[in-house]
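So the chains spell out like this:
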Amino acid sequence: MRSNAHFGGLLKPVPQEAFSAWLARGARTKNPAPFIRATRCLKRLGVEDADGNLTPAVAEDLSMALGLSSECLRRSFPLPGDWLKAAPEKRLQFCELCLLNDFRSGRQPSSRITWFYWWFNVCPVHGCLLHTGDSTSAPAALLSFVQFNLTLERLPAPVTFRSIERRVKFRCSTPQILQLMAWYFQRWYQASVQRGTVIIGDVELAASVPEVELFMEDILAIIGKKRNYPIDPRSYIARLLDIKSWCSLRSNLRPEAGCEAFLCKDVGEHSAEIRMAMFALLGLFLKLPNCVRVWQLGGGPAYDGYIERLWGSMHSDAVRVPSYLDWLKQRSGGWSPVVRAHFHYLLES
Ligand SMILES: [Zn+2]
């Protein structure tokens, strides 16, 4: 843990704290001047997203305003990539137990940078699904959570992943299994971004992370596709999560409109629960060893080819012309040859 001395005497960021959240917190300390200067600097330079990729010139001005080196700023607030990042006004996801921990530690509740990404759905500290609040303000999210739970005594106890893993071996609900798989997916993805390489099991793909992201977006577009009620069957995810509605995204278009109009092009349109299941299944279709292991421990089929079969039912359960598989084959022309070769099993009928 860094000491204040190593942080130029300024407020120490909490792990993973978003830069904007740290600035807001700092502006309410006894030494608000550097934080206010930095906030004004962002405004003057026309920076709309303080948690985006800042240009070297902006970073330089910020470091002057805060009295910190730009290298220290960069290392203290690393971004977990650009992939599937919510627009600033849609950053409404919070782990309320993390916020409560801030409060109990005498800090202003603060947003973590990872909460701004659609692929991040499970808190790695508390093992719970992120909650969607009404505003982008972390203190407001905590307040509504506490009011909803009436008293602090009634707040849920944190669940650790070790305890979930142990339970999976005996008895665990399908949502809990999916949650664990989603957590393994996000851990794998974060490690890939940090290393800059993509490793699945024993295989290191000779493809860049952005190349794999492009491919994963196409798979997610099919996993989260919209449905026409009552023509299409109920979605697999709705069945897995025992959701009464047909699916979480509906379209009034007739199936004759083809498959393109039904694809999920914005993962953020789905609720946190559905997104969690989408990334859990993505991890399974990528054959990430931990996702496969948890799926099987949870009672999923384990025969050869079951993943291909499940994928087949995922893309062919709603009939369109061209089919979702034909669309994917056409899209695969834009994938890197290594990605196309490694994931060929998702292109076979
Ligand atoms: Zn948490």
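## Some words on the layout of surface pockets
In this structure, the largest pocket encloses a volume near 370 Å³. Secondary-structure elements contributing two or more residues to the lining of the largest pocket are α3 (56-66) and α4 (70-76). At 3 residues, α4 tops the list of elements feeding residues into the lining of the largest pocket. Taken together, the residues that form the lining of the largest pocket break down as 11 nonpolar, 3 polar and 3 charged. Space inside the second largest pocket adds up to approximately 320 Å³. Considering the residues around the second largest pocket, the lining is formed by 19 residues, among which Ser20, Ala21, Asp51, Phe116 and Thr136 are closest to the centre. Elements represented by at least two residues in the lining of the second largest pocket include exactly α1 (19-26) and α6 (138-148).

## Looking at the coordination of the zinc ion
The zinc ion binds to the protein through Cys95 (SG), Cys98 (SG), Cys123 (SG) and His126 (ND1); the donor distances cover 2.1 to 2.4 Å. For the zinc ion, the 4 donor atoms in the first shell make angles of 103 to 113 degrees at the metal, so the coordination geometry reads as tetrahedral. Counting residues between consecutive donors of the zinc ion along the chain gives the motif C-x2-C-x24-C-x2-H.

## A few points about the state of the cysteines
Taken as a whole, this structure holds 0 disulfides when the rule is applied. Of all cysteine sulfurs, the one in Cys41 lies closest to Cys72, which takes part in no disulfide; the gap is 16 Å. You can call Cys72 buried: its relative accessible area is 12%. Not engaged in a disulfide, the cysteine Cys172 finds its nearest cysteine sulfur in Cys291; these two sulfurs lie 14 Å apart. Note on Cys172: relative accessible area 16%, which makes it buried.

## Quick notes on helix α8 (residues 174-195)
Taking 1.5 Å of rise per residue, 22 residues should cover 32 Å, and α8 covers 32 Å from first to last C-alpha, within 8% of that figure. Two residues or fewer past α8, Gly196 is found with a positive phi of approximately 80 degrees.

## Quick notes on the domain arrangement of the chain
Taken domain by domain, the chain comprises domain 1 (1-79), domain 2 (80-159) and domain 3 (163-346). On a C-alpha basis, the centres of domain 1 and domain 3 stand 37 Å from each other.

Cut-off values and rules
Residues numbered from 1 in each chain as written. Predicted model: local features only at pLDDT ≥ 70, side-chain atom pairs only at ≥ 80, totals over all residues. Heavy atoms only, no water. 1 Å grid on protein atoms, 1.4 Å probe; cavity = no way out; pocket = protein on both sides within 12 Å on 5 of 7 lines; lining within 4 Å. Points joined across faces, edges and corners; volume = space filled by probe spheres on them. Helix = DSSP H or I, 4+ residues; strand = E, 2+ residues; numbered from the N terminus. Nonpolar A, V, L, I, M, F, W, Y, C, P; charged D, E, K, R; others polar. Donors = N, O, S within 2.8 Å, 3.2 Å for Na, K, Ca; no water. Tetrahedral: all angles 85-135°; square planar, octahedral: opposite > 155°, others 65-115°. Disulfide = S-S within 2.5 Å. Buried < 20%, exposed > 50% of the residue type's maximum accessible area, 1.4 Å probe, protein only. Expected span 1.5 Å × (residues − 1). Domains from an automatic or database assignment.

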